[in-house]
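Coordinate analysis (summary)
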Amino acid sequence: MCVSEARIELQLRLGAEGLVLAPQTALQLTLGHVVVVVVPEHVLTAAEGLWFPGQARWLLLTGADPTWEISMEYGSAVPQGVPDVWLWKNYQYVLAFCFAIQEINKDPQLLPNLTLGFQLYNSVTSGQFTLRSTLHWLTGKHYLIPNYTCQTQGKTVAIIAGTTSAFSAEIGTMLELYKTPQITYGPYDPMLSERDKFPSLYQMGTSDNSLICGMLSLLLHFGWIWVAIFVSNDLKGEQFLQDILAEMVKKDVCLAYAIKLPDTKKRYKKTEISFLAEIRILSANVHILYGDVRSLYTMEILSKYYLTLGKVWIMAAKWEIVLLETQQMLHSFHGGFSFSHYKGEIPGLKHFVKTVDPSHYPEDFFLSQLWLHAFHCLPPGSLCGTIGVCPPNASFEFFPGHIDMLTISDSSYFIYNAVYAVAHALHKMLSEQIEKGSPADAAQPRILPWQLHPLLREIQFTNSAGEDVSFHETRFHMAHYDIHNIVNFPAGFRLLIKIGEFSSESEHDQSLVLNEEMIEWPVAFMETPQSLCSQRCGPGFRKIPQEGRPVCCYTCVVCPERDISNHTDAEQCIPCADHEYPNLERNHCLPKLVTFLGFEEFLGMALTCMALCFSVLTAAVLWVFVKHQDTPIVKANNRTLSYILLIALLLCFLCSLLFLGRPNTANCLLQQIVFGLVFTVAVSTVLAKTITVILAFKVTKPGRTIRQLLVSGASNSVIPICFLIQLVLCGIWLATSPPFIDTDAHSEHGHIILVCNKGSATAFYCVLGYLGSLALASFTVAFLARNLPDTFNESKFLTFSMLVFCSVWVTFLPVYHSTKGKVMVAVEVFSILASSAGLLGCIFLPKCYIILLRPERNSLKGLKKRVSSKGS
């Protein structure tokens, strides 16, 4: 960097998953009269020095004049190997850092007359090495002397630290002794926000509180309710697991299993991670991954994850590093989803990345190493011997697909914002010093790191991407995430493709937007995968939980006969309204058809024909009796009562037609009343005929009273008396609870039957009971008179007719109560017809037989002949 009136340095420390992974040992380098301790978090670039492994040389640079080349020799700690794995994607952090520094130094409005410099350190997963590296930087000597500094040139005012909270916490305690601000560019960790432990630490990342809501929204959008969760084995992973389980209970999402991934700070036995080989055969097809990225750096774990084809992984953005750089995990995570905080596009950053090459920064060893790794060549003048020279158009734009340097990561975005946050804090502090101090102080400002704290806490600005940047807690109120689909293309090319967004302003104001057409699913799925403990219960079924298992595990049963379920996984079936009925699939209610026992139906037509036929037959019998009214057989049985009985029976047959057809108010009122009155007349007439027979035989004995009763027709008075009693009962019925039109929605599937409700069941059974008592009295009297001698004695026929009548109505009662709807009406009509036909057939058919077929027996001459034959 060029130096103007003043120079202030920032330090970027790549975190525990920096450029180099899992080195085996440290190096102690002796450089002539200058001694530098170089541990695996090597002192890197322009401001300090570059390490060329394999060439045993150090290039020590001061300022911008790379002129001193000093030979060196290995110390006692001989290196046992070069770094194991290079995560070149992380070099984007350095590029974003350098771009921000250059922008600020070129900005005439921000820190004028002041140049920002920087130091870069690369760190590894080791608390011991991190401590040594931090002490080395703080003291400025290879002699590690806490609380002393031997640096005279550097004016480092802030540290932008690595991506893991463990790394930031390890160096934070020591930095607190010097009150040096530490700004982290990794994911937000609540532990680091505790001001009593880390008062000098600031986090660029925002809280992941809404990440859980975003992940659950994605799960519910696709109906994934049976998931596995993998978290790092630390406090952050444990907290995430507790929080997401609490939200899953609210959303009815179930946990298949939870696994804490081992950390790689120690060597683990294979038996401790052997469970990973079984992931592929487990039922959950969706896995959530969260925690410290160090949990995947063990090669044993990587090889196990390679077996997990056919699973959909949902993770936070920091896992992108491992996805894009680790060949073993490539196929495992294909088709997964990554959540990253929304970030605007930084103007000029992509162009800067595209145009960077080692010729612009010849002192940067890692850039040359990256170029060699990608293109197998180096720019001209690189002093690399037999290595080929790169073509002029070589750039990050044409890098291999597994190293996507043009997609700006969250951490790079945070680094860019962190540099500007420090720059704005410095600008404000220097402006205040200029207002209060002398011009000399402005030319050579004296800045102490602790002076930045009050300014950083209150800093607030808008970056070049148009986003507000601050360290205020108010920035957590609204969360906005980009959702990326992890896609692997042929020939090792892979991308994170944005397929949606999730935003959350509050618990009740959340939105998920997805472009499902852009989603690429894992190779094992031809369509949207499912992740269920039990197969979904479709419409028409309901869920029954399985005892002792999560609520997502259930059995599907069909809805009851009159219920439906019109959505998937219904907890309860919904009963259809009375005017509706379920379809065969029991997923929809259909309107019921209004019906009744009509004349056009087969049953109604049959009953109508029977009623009309019996009515015609009754009329024919009446005509025969009228035509032969002067014959002995008609006269002998009180033809007036016979006429009354035949007319009553005719009305009985016809009144049955009132029960057929569409019910209305008039029909309902007349049905039972007419039935009761007409049958009362018929039965009372039979009783009168029976009494007449008894009186006729009694008149042959002495006694004027019986003769007067017979001559006066006293037996005929039974009919009006019985009729009046029934009329009173019917009047009370109509006055208290008359019949009315009603509907029967349950007797016949899919139909609403219009029926006449009797109003008062008590009144109905009183009318029926009165008829029964008359019939019983008639039967008793006729039975007693059955053996009276006479040629035309009809007592036997009356007895048998009453027996048929009583049998019909005694049978009617249980059958009537066991039927519903149209059948109930048909039973009552049939009982009316059967009982009336019984009276007609038993009483009048034998007489019609004699009148029509045996007329010789219906004459005085025939009567005398029968009497003489009986006497002889």
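Note: the structure precedes this text.
Residues numbered from 1 in each chain as written. Predicted model: local features only at pLDDT ≥ 70, side-chain atom pairs only at ≥ 80, totals over all residues. Heavy atoms only, no water.

**Quick word on the overall build of the protein chain**
Let me state the cut-off plainly: Helix numbering and strand numbering both begin at the N terminus, where a helix is a DSSP run of H or I of at least 4 residues and a strand a DSSP run of E of at least 2. Each residue is placed in one exposure class: buried if its accessible area under a 1.4 Å probe, protein chains only, is under 20% of its type's maximum, exposed if it is over 50%, and partly exposed if it falls in between. Between two residues, a contact is recorded if the distance between any of their heavy atoms is within 4.5 Å. The method behind every accessible area is Shrake-Rupley, applied with a 1.4 Å probe, and residues are considered shielded solely by the protein chains displayed.
A tally of regular secondary structure across the protein chain gives 23 helices and 32 strands. Looking at the 872 residues of the protein chain, the share that counts as buried comes to 50%. Contacts in the protein chain between residues far apart in sequence, at least 24 positions, make up 69% of those at least 6 positions apart. Summing over all exposed atoms, the protein chain offers an accessible surface of approximately 40400 Å²; the carbon and sulfur share of this is 60%.

**Focus: a nonpolar patch on the surface**
Let me state the cut-off plainly: Without a salt bridge and with relative accessible area above 30%, a residue can belong to a patch; like charges are then joined within 9 Å and nonpolar side chains (Val, Leu, Ile, Met, Phe, Trp, Tyr) within 5 Å. Any Lys or Arg side-chain nitrogen found within 4 Å of a carboxyl oxygen on Asp or Glu counts as a salt bridge.
Taken together, Leu612, Ile647, Leu651 and Leu654 make up a surface patch of nonpolar side chains, about 320 Å² in accessible area. No other element matches helix H16 (residues 639–655), which puts three residues into the nonpolar patch.

**Digging into the sheet that holds strand E31 (residues 740–744)**
What counts here: Strands are labelled as partners when DSSP assigns at least two bridges between them. Only C-alpha atoms enter the line fits that serve as axes; for helices the fit covers just the stretch in contact. Angles between N-to-C directions range over 0 to 180 degrees.
A sheet is described by the order of its strands in space; here three strands give the open sequence E30-E32-E31, paired in mixed fashion. Each having just a single partner strand, strand E30 (593–595) and E31 make up the two edges of the open sheet. Across the sheet, the mean angle from the axis of one strand to that of its neighbour is 30°, orientation sign disregarded. Note that E30 and strand E32 (residues 751–757) share three bridges and pair parallel. If you follow valine 594 over to E32, its bridge partner there is isoleucine 752.

**Some points on the packing of aromatic side chains**
Counted only if it meets this: Stacked, tilted and edge-to-face pairs are distinguished by plane angle, under 30 degrees for stacked and over 60 for edge-to-face with tilted covering the rest, among Phe, Tyr and Trp rings (Trp via its six-membered ring) whose centres lie within 6.5 Å.
Under the definition given, this model contains 32 aromatic pairs. The interplanar angle of 70° and the centroid separation of 5.1 Å between the aromatic rings of phenylalanine 764 and tyrosine 765 together place this pair among those described as edge-to-face. Judged by relative accessible area, phenylalanine 764 falls into the buried class, the value being 2%. The rings of Phe675, Phe679, Trp733, Phe764, Tyr765, Phe805, Trp809, Phe812 and Tyr816 are connected pair by pair, giving a single aromatic cluster.

**Considering the state of the cysteines**
How we decide: Note on disulfides: each one is a pair of cysteine sulfur atoms within 2.5 Å.
For the structure shown, the criterion picks out seven disulfides. Here cysteine 254 is linked by a disulfide to cysteine 552, with a sulfur-sulfur distance of 2.0 Å. One disulfide, between cysteine 254 and cysteine 552, carries an S-S torsion of 90° and so falls in the right-handed class. On the criterion of sequence distance, the pair formed by cysteine 254 in strand E15 (residues 254–261) and cysteine 552 in the loop between strand E24 (541–545) and strand E25 (554–558) is long-range, its members being 298 residues apart. Across the pair, exposure class does not vary: cysteine 254 and cysteine 552 are buried alike.

**Re the packing of helix H21 (residues 795–817) against helix H22 (residues 821–853)**
Heads up, the condition is: Put simply, angles under 35 degrees are roughly parallel, angles over 145 are roughly antiparallel, angles from 65 to 115 are roughly perpendicular, and the rest are oblique. Under the convention adopted here, Pro, Cys and the residues Ala, Val, Leu, Ile, Met, Phe, Trp and Tyr are nonpolar, Asp, Glu, Lys and Arg are charged, and Gly plus all remaining residues are polar.
Contact geometry of H21 with H22 gives a least axis separation of 8 Å together with a crossing angle of 175°. Taken together, the axis directions place H21 and H22 in an arrangement best described as roughly antiparallel. Seen from H21, the contacting residues are Phe797, Leu798, Phe800, Ser801, Met802, Val804, Phe805, Val808, Trp809, Phe812, Val815 and Tyr816; seen from H22, they are Met824, Val827, Glu828, Ser831, Ile832, Ala834, Ser835, Gly838, Leu839, Cys842, Ile843 and Pro846. Considered class by class, the residues forming the contact of H21 with H22 number 19 nonpolar, four polar and one charged.

**Describing helix H19 (residues 718–736)**
Put simply, the test is: Take the residue count of a helix, subtract one, and multiply by 1.5 Å to get its expected span. Directions drawn from the helix axis to the C-beta atoms are what define this arc.
An ideal rise of 1.5 Å per residue puts 27 Å on 19 residues; H19 measures up with 28 Å between its terminal C-alpha atoms. For H19, every residue scored as buried is listed here: Val718, Ile719, Cys722, Gln726, Cys730 and Trp733. Seen from one end, H19 has its buried residues packed into an arc of 95°, which puts them on one side. Seen from the buried face of H19, the exposed residues on the opposite side, beyond 90 degrees, are Leu724, Val728, Ala735 and Thr736.

**Topic: the pattern of salt bridges**
Any two side chains of opposite charge can pair, so long as their charged atoms come close to each other. With the rule as written, the count across this model stands at twelve salt bridges. Residue lysine 498 is joined to aspartate 482 by a salt bridge in which the shortest nitrogen-to-oxygen separation is 3.2 Å. With lysine 498 in strand E22 (residues 494–506) and aspartate 482 in strand E21 (residues 479–488), this pair connects stretches of sequence that are 16 residues apart. What makes lysine 498 partly exposed here is its relative accessible area of 35%. For aspartate 482, a relative accessible area of 6% translates into the label buried. Among the ionic pairs, lysine 822 bridges to glutamate 601, the shortest N-O distance being 2.7 Å. Of this pair, lysine 822 sits in helix H22 while glutamate 601 sits in the loop between E30 and helix H14 (602–627), and the two are 221 residues apart along the sequence.

**Remarks on the nonpolar core**
Quick note on the threshold: For the purposes of this section, nonpolar cores are sets of buried Ala, Val, Leu, Ile, Met, Phe, Trp, Tyr and Cys residues that join through side-chain atoms within 4.5 Å.
Among the nonpolar cores identified, the biggest contains 69 residues, and Leu10, Tyr91, Phe97, Leu111, Phe396, Val419 and Leu426 are the most heavily contacted of them. Counting only elements with at least two residues in this core, the list comes to strand E1 (7–14), helix H1 (91–106), strand E10 (115–122), strand E11 (156–161), helix H9 (349–355), helix H10 (365–375), helix H11 (410–436) and helix H13 (453–458). Not counting chain neighbours up to four residues away, the residues in contact with phenylalanine 396 comprise Tyr91, Leu95, Val353, Lys354, Val356, Leu367, Leu370, Trp371, Met405 and Leu406.

**Remarks on the packing of H1 against H11**
For clarity, the cut-off: Should the near helix be turned anticlockwise from the far one by less than a right angle, the crossing is left-handed, and should it be turned clockwise, the crossing is right-handed.
Where H1 meets H11, the closest approach of the two axes is 8 Å, and the angle between their N-to-C directions is 30°. Looking at the two axes, H1 sits roughly parallel to H11. Considering how the two elements wind past one another, H1 and H11 form a crossing that is right-handed. Each of Gln92, Tyr93, Ala96, Phe97, Phe99, Ala100, Ile101, Glu103 and Ile104 in H1 lies in contact with H11, whose residues at this interface are Ser411, Ser412, Ile415, Tyr416, Val419, Tyr420 and Ala423. In the contact of H1 with H11, the residues fall into twelve nonpolar, three polar and one charged.

**Some thoughts on H14**
The first and last C-alpha atoms of H14 sit 37 Å apart over 26 residues, in line with the 38 Å expected at 1.5 Å per residue. Along H14, the positions that sit buried rather than exposed are Gly604, Leu607, Thr608, Ala611, Ser615, Thr618, Val621, Leu622, Val624 and Phe625. Check the buried side of H14 and you find it contacts helix H15 (632–636), H16 and H22.

**Looking at the environment of leucine 131**
Take leucine 131: it is sitting in helix H2 (residues 127–139). For the pair leucine 131 and isoleucine 171, spaced 40 residues apart in sequence, the C-alpha to C-alpha distance is 6.8 Å.

**Focus on unusual backbone geometry**
Despite not being glycine, aspartate 252 has its phi angle at roughly 60°, a positive value. Following the sequence through the fold, aspartate 252 ends up in the loop between helix H5 (235–251) and E15. For aspartate 252, a relative accessible area of 46% corresponds to the partly exposed category. Of note, the phi angle at aspartate 569 is positive, near 60°, even though the residue is not glycine. For aspartate 569, the position within the fold is in the loop between strand E26 (563–564) and strand E27 (574–575). Here aspartate 569 falls in the buried class, since its relative accessible area comes to 11%.

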